[in-house]
Amino acid sequence: MGFPPTTATTIHADNQACIALARNPVAHSRAKHIDIRHHFIRERVANHEIDLKYCSTKDMLADIFTKQLPCDAFEKFRIALEWENIEDLAEWSDENRT
């Protein structure tokens, strides 16, 4: 966008082991299989460009876009996204399909 960020970008994750691995640069015995090219996030955390925050799986709003959810979880996330009417969402999807 033409200007550098002033703070770290926060990424919410529901995997505490991955957060710990990204924050701690010490080689872990269970992570030996991870190739060096896959340490992108670790480098960004070390450079304070990314901040990883734990978010419980039951509160992971992004799941509405990536998983099949039980009805109660779908309704909770739909309300959180302010999709009042599911028909409005279908209409928006039809209009923006390429």
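Cut-offs and rules
Residues numbered from 1 in each chain as written. Predicted model: local features only at pLDDT ≥ 70, side-chain atom pairs only at ≥ 80, totals over all residues. Heavy atoms only, no water. Helix = DSSP H or I, 4+ residues; strand = E, 2+ residues; numbered from the N terminus. Buried < 20%, exposed > 50% of the residue type's maximum accessible area, 1.4 Å probe, protein only. Contact = heavy atoms within 4.5 Å. pLDDT = per-residue confidence, 0-100. Salt bridge = Lys/Arg side-chain N within 4 Å of Asp/Glu carboxyl O. Core = buried A, V, L, I, M, F, W, Y, C linked by side-chain atoms within 4.5 Å.

## Looking at the environment of Ile-41
In this structure, Ile-41 sits in helix α2 (residues 40-46). For Ile-41, a relative accessible area of 33% translates into the label partly exposed. The spacing of Ile-41 and Ile-19 is 22 residues in sequence and 9.7 Å in space, taken between C-alpha atoms. Look past the residues within four positions of Ile-41 in its chain and what remains in contact with it is Ala-22, Ile-50 and Leu-52.

## Thoughts on the confidence of the model for the protein chain
Across the protein chain, the average pLDDT comes to 81, with 71% of residues at or above 70. When mean pLDDT is taken per element in the protein chain, strand β2 (residues 50-54) scores highest with 93 and helix α5 (residues 86-95) scores lowest with 61.

## What about the pattern of salt bridges?
A full pass over the atoms with the stated rule returns 6 salt bridges. Taking the shortest distance from any N to any O, the salt bridge between Glu-43 and Arg-44 comes out at 3.6 Å. Glu-43 gets classed as partly exposed once you look at its relative accessible area, which sits at 41%. The partner of Arg-78 in a salt bridge is Glu-75, with the nearest N and O atoms 2.6 Å apart.

## Quick word on unusual backbone geometry
Within the chain, His-48 stands out as a residue other than glycine whose phi angle is a positive 60 degrees. Relative to the assigned elements, His-48 resides in the loop between α2 and β2. Note on His-48: relative accessible area 64%, which makes it exposed.

## Details of the nonpolar core
Judged by nonpolar contacts, Ile-19, Ala-22, Val-45, Ile-50 and Leu-52 together constitute the single largest core of 5 residues. The residues touching Leu-52, leaving out its near neighbours within four places in the chain, are Ile-11, Ile-19, Ala-22, Arg-23, Ile-41 and Val-45.

## Let's talk about the side chain of Asp-63
Mapping Asp-63 onto the fold places it in helix α3 (residues 63-66). Classification of Asp-63 as buried rests on a relative accessible area of 8%. Leave out the neighbours within four places in its chain, and Asp-63 touches Thr-57, Leu-69 and Phe-77.

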